[in-house]
Every structure is written in C-alpha cells, then in structure tokens.
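Chain and residue survey
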Amino acid sequence: QVQLVESGGGLVQAGGSLRISCAASGRTFSLYAMGWFRQAPGKEREFVAAISWSGGSTSYGDSVKGRFTISRDNAKNTVYLQMNSLKPEDTAVYYCAVKRSIVVVTTSGEYDFWGQGTQVTVSS
C-alpha cells in the first residue's frame with residue numbers, strides 16, 4: 001500500500017502561481033511513477049502531468065503545457081506541481097497518483113493509488 005497526501009491548494013487570482021505537493025509513504029517511493037490529475041465539477045478527470053521514477057522524463061496535458069512543471073524529490077518522498085499563469089479554467093480538485101513503473105504514465109486507469117485531492121480555485 002502507498003498512502004498519498006496532497007497539500008498546498010487554495011485560492012489564487014488569475015495570473016498567479018501556486019505549488020501543490022504530494023507526500024507519499026508506505027513503499028519505496030523512487031520506484032514509482034507519479035502523476036497529477038484534476039477534476040472540475042461536472043467534468044471528467046483530466047490528465048495534468050506525470051513524471052518517471054527517476055524524474056528524467058515528464059509529460060504534460062495540452063492545457064497546461066508551458067505553465068505547469070512537475071518535479072519530485074525522492075529523498076523526501078514528495079512530488080510537486082508548480083502552477084504558473086493560472087487561469088480560472090484551472091479551478092479543480094487536484095489529485096496525485098502513483099504506479100509502480102519506471103516510465104511516465106499518463107492514463108488515470110493505470111494508476112494504483114490515489115490521494116484525497118486538494119482544491120485549487122483561480123478567481124478572475
């Protein structure tokens with residue numbers, strides 16, 4: 001089992017920045033690919049970003065490319081999502097997920113464990 005706890009969500013104005021974190025416990029964190037997904041009310045869960053176990057490979061959803069950056073610190077068992085130039089349409093609950101994999105994973109159905117989510121609200 002892997003436990004994931006997201007933090008850092010909140011309210012920010014459009015154009016602002018926010019960094020959210022996901023702390024993992026329970027297993028060897030460095031052997032897991034990590035991903036961020038989000039879900040807005042009435043919408044399907046959307047892929048945001050993913051990172052390989054080593055941190056050497058990343059992938060981003062089209063709507064966040066160039067604005068968001070995913071990173072990880074395996075010594076701290078933590079993955080981060082730096083969000084810049086935020087837009088009202090970025091408002092959603094953001095979830096982190098893990099899968100035992102050495103490569104980037106972008107499909108939500110492939111992930112094994114999920115966090116409880118953190119709310120990000122961007123005001124216009």
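This text follows the structure it describes.
Position numbers for residues start from 1 in each chain and track the written sequence from start to end. For a predicted model such as this one, the threshold for reporting local features is a pLDDT of at least 70, and the threshold for listing and counting side-chain atom pairs is 80 or more; totals across whole chains, interfaces and linings nevertheless cover every residue. To obtain the side-chain values, all non-hydrogen atoms of the structure were included, while hydrogens and water were left out.

Salt bridge, as used here, is a side-chain nitrogen of Lys or Arg placed within 4 Å of a carboxyl oxygen of Asp or Glu. The tally for this structure, following the rule as stated, stands at four salt bridges. Where glutamate 46 meets arginine 38, a salt bridge forms, and the shortest distance between an N and an O atom there is 2.8 Å. Among the ionic pairs, aspartate 62 bridges to lysine 65, the shortest N-O distance being 3.2 Å. Relative accessible area decides the class of each residue, using a 1.4 Å probe on protein chains only: under 20% of the type maximum gives buried, over 50% gives exposed, and in between gives partly exposed. The exposed category is assigned to aspartate 62, whose relative accessible area is 66%. Through salt bridges that share partners, Arg38, Glu46, Arg67 and Asp90 make up one connected network.

This part takes up the pairing of strand β3 (residues 18–25). In terms of strand pairing, strand β1 (residues 3–7) meets β3 through five bridges, oriented antiparallel. Looking at the pairing, valine 5 lines up with alanine 23 of β3. Strand pairing is defined by DSSP finding a minimum of two bridges between the two strands. Counting from the N terminus, the helices are DSSP H or I runs at least four residues long and the strands are E runs at least two residues long. As paired strands, β3 and strand β8 (residues 78–83) are joined by six bridges and run antiparallel to one another. The residue bridging serine 21 from the neighbouring strand is tyrosine 80, located in β8.

A word on the state of the cysteines. Throughout, a disulfide means two cysteine sulfur atoms within 2.5 Å of one another. Tallied over the full model, the rule gives one disulfide. Sulfur-sulfur distance for the disulfide between cysteine 22 and cysteine 96 comes to 1.9 Å. Disulfide cysteine 22 to cysteine 96: torsion about the S-S bond roughly 45°, handedness right-handed. In this pair, cysteine 22 is assigned in strand β3 and cysteine 96 in strand β9 (residues 92–100), connecting sequence segments 74 residues apart. One exposure class covers both cysteine 22 and cysteine 96, and it is buried.

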